[in-house]
Amino acid sequence: MRALVISGGGSKGAFAGGVAQFLMQDLGKEYDMFLGTSTGSLLIPHLSLNKIDKVYELFTNVTQRDIFSVSPFVQRKKGDREFVSIDFVNSLWQFIRMKRTFGESKHLKRNIRRNFTRDEFEAILATKEDVVVTVSNLSKNSVEYKSIKDCTYEEFCNWIWISCNYIPFMSLATVDGFEYADGGLGCVVPIREAILRGATEIDAIVLEAETMEQQKVLGKNPFSLMLNLFGHLLNQVERNDITIGKLAAKNKNVNLNIYYTPTTLTENSLIFSKRLMVKWWKQGYEYAKNKHQDSLSNELK
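The rules behind each value
- Throughout, residues of each chain are indexed from 1 in the direction in which the sequence is written.
- Side-chain atom pairs in this predicted model are given and counted only at pLDDT of 80 or more, local residue features only at pLDDT of at least 70, and totals for whole chains, interfaces and linings cover all residues.
- Excluding hydrogens and water, the side-chain values take into account all heavy atoms of the structure.
- Like charges within 9 Å and nonpolar side chains (Val, Leu, Ile, Met, Phe, Trp, Tyr) within 5 Å are joined into patches, using only residues over 30% in relative accessible area that form no salt bridge.
- We get accessible surface area from the Shrake-Rupley algorithm with a probe of 1.4 Å; when it comes to residues, only the shown protein chains can shield them.
- A side-chain nitrogen of Lys or Arg and a carboxyl oxygen of Asp or Glu constitute a salt bridge if their distance falls within 4 Å.
- The charge count treats Lys and Arg as positive and Asp and Glu as negative. His and the chain ends do not count.
- Note on charges: their place is set at NZ of Lys, CZ of Arg, CG of Asp or CD of Glu.
- Only DSSP runs of H or I with at least four residues qualify as helices, and only runs of E with at least two residues qualify as strands; both kinds are numbered from the N terminus onward.
- Burial classes: relative accessible area under 20% of the type maximum marks a residue as buried, over 50% as exposed, and values in between as partly exposed (1.4 Å probe, protein chains only).
- Residues belong to one nonpolar core when they are buried, are Ala, Val, Leu, Ile, Met, Phe, Trp, Tyr or Cys, and are joined through side-chain atoms within 4.5 Å.
- Each helix should span, by expectation, one fewer than its residue count multiplied by 1.5 Å.
- Convention adopted: a line fitted to C-alpha atoms gives each axis, helices being fitted over their contacting stretch, and angles between N-to-C directions are expressed from 0 to 180 degrees.
- Each crossing gets its hand from how the near helix is turned against the far one by less than a right angle, where anticlockwise is left-handed and clockwise is right-handed.
- It only takes one pair of heavy atoms within 4.5 Å for two residues to be counted as in contact.
- The residue classification treats Ala, Val, Leu, Ile, Met, Phe, Trp, Tyr, Cys and Pro as nonpolar and Asp, Glu, Lys and Arg as charged. All others, Gly included, are polar.

**Student:** Before we go on, may I ask you to explain a positive patch on the surface in this structure?
**Tutor:** Positive charge collects at one region of the surface, where Arg97, Lys99, Lys106, Lys109 and Arg113 lie side by side. Within the secondary structure, Lys99 is located in the loop between α5 (88–96) and α6 (106–115). Exposure remark for Lys99: the relative accessible area of 32% places this residue in the partly exposed category.

**Student:** Where do I start with the nonpolar core in this structure?
**Tutor:** As a rule of thumb, soluble globular proteins bury nonpolar side chains together. With 62 residues, the main nonpolar core has Leu47 and Phe156 as its most contacted residues. Looking at this core element by element, the count peaks at eight residues for helix α1 (residues 13–26). Counting residues in hydrophobic clusters, the runner-up holds 21 residues, among them Val188, Val189, Ile195 and Val206.

**Student:** Just to check I follow, could you spell out α1 for this structure?
**Tutor:** Two residues of an α-helix separated by three or four positions point the same way, owing to the 3.6 residues in each turn. Its 14 residues place the ends of α1 19 Å apart at the C-alpha level, agreeing with the 20 Å of an ideal helix rising 1.5 Å per residue. The buried count for α1 comes to twelve of 14 residues, which makes it a mostly enclosed element. Here α1 has its buried residues at Gly13, Ala14, Phe15, Ala16, Gly17, Gly18, Val19, Ala20, Gln21, Phe22, Leu23 and Met24.

**Student:** Teacher, can you tell me more about the packing of helix α2 (residues 39–48) against helix α3 (residues 52–61) here?
**Tutor:** Describing two packed helices takes the angle between their axes plus the distance from one axis to the other. Where α2 contacts α3, the axes come no closer than 8 Å and their chain directions differ by 150°. In the crossing of α2 with α3, the sense of the turn from one axis to the other is right-handed. In this structure, α2 contributes Thr39, Leu42, Leu43, His46 and Leu47 to the contact, and α3 contributes Ile52, Lys54, Val55, Leu58 and Phe59. Partitioning the contact of α2 with α3 into residue classes produces seven nonpolar, two polar and one charged.

**Student:** I tried to follow the pattern of salt bridges on my own but got confused; where do I start?
**Tutor:** Close approach of charged atoms allows side chains with opposite charge to pair. Tallied over the entire structure, the rule returns ten salt bridges. Glu120 serves as the salt-bridge partner of Lys54, at 2.7 Å between the closest nitrogen and oxygen. Of this pair, Lys54 sits in helix α3 while Glu120 sits in helix α7 (residues 118–127), placing them 66 residues apart in sequence. By relative accessible area, Glu120 is classed as buried at 6%. Two residues, Arg197 and Asp130, come together in a salt bridge whose shortest N-O distance is 3.3 Å. Remark: Asp130 occurs in strand β5 (residues 130–137) and Arg197 occurs in the loop between α9 (191–196) and β9 (201–209); sequence separation between them is 67 residues. On the accessibility criterion, Arg197 (28% relative accessible area) is partly exposed.

Right, dumping it as structure tokens:
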């Protein structure tokens, strides 16, 4: 059974789309199972239906307003460089309203249902082995994997949304008395879960560079420093997921192919820039193409 696994990574999901385009369209790979975390959970329903063009349109045209009903960030441009800072007004307003997060992502929830239809949901159930999204149950301090086979259409859309909620900058969700948030808080790359569900060949797209090639500049205020800290912690979770996944693949004799980003694409993946996402999609496609050609060359030597 062949599986496609896509990690979390916010706007960097555009890079994963480019990789998936090459794997599915150029190489003609067909996957039985799709697993995703955070932005990966947004990609996999459409990829499971081979709707590459639709994914491209969605990911290269998304804006902050499509995600945040209350945005904790201000996006600015200085020359050719785009950067962000904390929106202190919105963050203060959240405190006044006695909210526990700096921002709200209700617009994302609305757009998931708008762009992923009930007919598409039924088509996946009829044609694919499984589509699984990762969420973090903060009340139980555990990671949960939500299969499309176990959900109604409304429930599955809600789990996709929850998988993307990178707190404390996005919404905190409650389901059946339990509080949930971004799946990446517990598992960024669900390789091991794919193996446990029967995958014998896995293509895993990791939206982070394999090695850190440059020194990070830490935030100059508590909010931006917090963003840096969360990024650091998720990087450690990601590395742990990959290590465990590789060991599980070796023990089960699973063919595992990992696609990293060639460089660090951005320091803040919660900022959505059409210019950058179009660029990253193309980079993902070219990276996968070059990786495949290099593999063929090595086999012929």
